[in-house]
Amino acid sequence: MGFNWRILAGTRDMYLDGLLVTILYSIVAIIIAVLWGILIGSINFRRVKGLSLITRAYTTFFRETPLLVQIYFWFYGLSRIMPVSASVIGVMALVFNDGAFIAEIVRGGLQSIDRGQEEAAYSLGFSKSQTLFYFLIPQAVRKTQDSIMNMVSIIIKDTSLLMWITITELTYVAHRVNSKFYQPITAYLTAAAFYFTLFLIVQGIKKLMDRRAEKKNGLIAT
Amino acid sequence: MIFMNDDKAVILSLQHVTKAFGKNTVLDDMSLDVREHEIVVLCGPSGGGKSTLLRTINGLEKINDGKIIYRGEQVTNKNIKNIRKHIGIVFQSFNLFDNLTVRDNLIIAPVKVLKKSKEEAIRQAQEFMDTFGISDKMDAYPHQLSGGQKQRVAIVRAMMMEPDIMLFDEPTSALDPEMIKEVLDAIRRLAQIGMTMIIVTHEIAFAKEVASRMLFLESASIRVDAPTEEFFTGVQDERLQKFLSVILK
Ligand SMILES: Nc1ncnc2c1ncn2[C@@H]1O[C@H](COP(=O)(O)OP(=O)(O)OP(=O)(O)O)[C@@H](O)[C@H]1O
Ligand SMILES: [Mg+2]
């Protein structure tokens, strides 16, 4: 057995297509999940009457149940009620699950900001939502940017579960290559190498962001 | 110095204001009028309710009873956001916005709340910063400033709203001695232009110099309310004497 370079040469295009799909899903899911996480985290932080009860229940439920169960739930459940494509379901499942984790991170960040700045904002005539938007969220995001970037790595890995709803991302490609050639080491190690490369890229971006944050306002990301 | 003048318009009036945190009554049936150009200095022992008094005026704490009237209009939940635009407050701990440069700290409220043009706001900010001797700090972030510089920026930030009255809550007590003077000088300038102010401070020499009226707050009440001269020489109050003797030592 061992690693078979010949197979790799023949399946290169399949892998690159799979990688492209993985990257696309990752980018879309990351952007929406971060925005969603900020929104839900802010509502949880603010304790908006009634609404926070729902968003808190949502946050807990989606953090404490397996992602694959959630993916199947949306894929088989939701598609029965209305026609939605697998790709929409895929992104949605990732956003609801990983977004719940990001919401908790953001809420923690918001809580760690000294109340004084909030009061200063109110005393200048800013509303609660303006205060969140202009002062609290930017600081919370900067303070938690390391944790959020960890979630970015997790989202990239989570896209591999989308193979179970017929999305031909990287893991699905590896799966197909293996069933065709019976070369699991080559098939899966190749996929793993691609995932790891993506992780290294994320790490690079994280370093750049850290450096920028430090230069900008000396806030130490925790 | 501007002396108390009963003909001047009352800007702010507290009428029988009561504030309690749970069972702890912090302001007990407190009444106070502040007239235009008056400089009222509040002093008193820790826990006497000085900060709470300023915070209720600004709507940062809700009152349990009584009313606060700003230029003839009773302050309510509905109009507080609007009234706040006319009442500047400077906190002991500066509370600058950490994510913004000094320039943005100064212009964000005039631009977003008062809908001023950015150019106009920057010009105004520059002018204030020149007056307070920190015009070279416009591009700095708060963490790059000394305490005294931060507090002067905080004063300018409040002044940018063109307030009717300024509230100061121990503006110098978080500062090293060598920085206290620069902040007090900034407040002196405001006194010179006739700004109405309520100042909580332990800087008694400074209070003597700028105050038109002194209040002694103790255990939830205004125990003494007198023109500055009289406050230091003519008031027969055991607790006040004791407080002054401790603080002047
Ligand atoms: N948010 C709060 N919740 C509960 N109690 C509070 C709160 N803020 C203030 N208090 C209480 O109210 C009382 C008055 O506090 P306040 O801060 O107004 O006093 P102060 O005169 O400003 O004192 P200091 O000189 O120490 O600043 C204190 O007993 C304090 O413990
Ligand atoms: Mg106080």
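Scoring rules and cut-offs
Residues numbered from 1 in each chain as written. Chains lettered and ligands numbered in written order. Predicted model: local features only at pLDDT ≥ 70, side-chain atom pairs only at ≥ 80, totals over all residues. Heavy atoms only, no water. Helix = DSSP H or I, 4+ residues; strand = E, 2+ residues; numbered from the N terminus. Contact = heavy atoms within 4.5 Å. Areas by Shrake-Rupley, 256 points an atom, 1.4 Å probe, with all protein chains shown as cover. Lys, Arg positive; Asp, Glu negative; His and termini not counted. Charge placed at Lys NZ, Arg CZ, Asp CG, Glu CD. Buried < 20%, exposed > 50% of the residue type's maximum accessible area, 1.4 Å probe, protein only. Near = heavy atom within 4 Å. Polar contact = N/O pair within 3.5 Å; in protein donor to acceptor, adjacent residues only side chain to side chain. Nonpolar A, V, L, I, M, F, W, Y, C, P; charged D, E, K, R; others polar.

Is there a simple way to explain the overall build of chain A in this structure?
A tally of regular secondary structure across chain A gives nine helices and zero strands. Along chain A, helices and strands appear, N-terminal first, in the series α-α-α-α-α-α-α-α-α. Its C-alpha atoms give chain A principal-axis dimensions of roughly 70 × 45 × 25 Å. In chain A, of all internal contacts separated by at least 6 residues, the share reaching a separation of at least 24 is 76%. Carbon together with sulfur atoms contributes 69% to the accessible area of chain A, which is approximately 11600 Å² in total. Side chains of chain A carry 22 positive and 13 negative charges; the gap between the two charge centres is 2 Å.

Even after reading the chapter, I still don't get unusual backbone geometry, so can you show me in this structure?
Across the chain, the bulk of peptide bonds are trans and the bulk of non-glycine residues have phi less than zero. All names here are of chain B. Phi at phenylalanine 94 takes a positive value of approximately 65 degrees, unusual for a residue other than glycine. The residue phenylalanine 94 is located in the loop between strand 6 (87–90) and helix 3 (102–112) in this model. Its identity is not glycine, yet serine 219 carries a phi of approximately 35 degrees, on the positive side. Its place among the elements puts serine 219 in the loop between strand 9 (213–218) and strand 10 (221–227). Looking at serine 219, the relative accessible area reads 52%, which means it is exposed.

Would you take a moment to explain the site of ligand 1 for this structure?
All names here are of chain B. Neighbouring ligand 1 are Phe21, Asn24, Val26, Pro45, Ser46, Gly47, Gly48, Gly49, Lys50, Ser51, Thr52 and Glu170. Residue asparagine 24 places a side-chain N or O atom 3.4 Å away from an oxygen atom belonging to ligand 1. For ligand 1, an oxygen atom lies 2.6 Å from a polar atom in the side chain of serine 46. The protein chains hide 60% of the 630 Å² of surface that ligand 1 would expose on its own. Looking at the shell around ligand 1, the elements with two or more residues in it are strand 2 (24–35) and helix 1 (50–57). No other element matches helix 1, which puts three residues into the shell around ligand 1. A breakdown of the residues in the shell around ligand 1 according to their chemical character gives three nonpolar, seven polar and two charged.

By themselves, these figures tell us nothing about what the structure is for.
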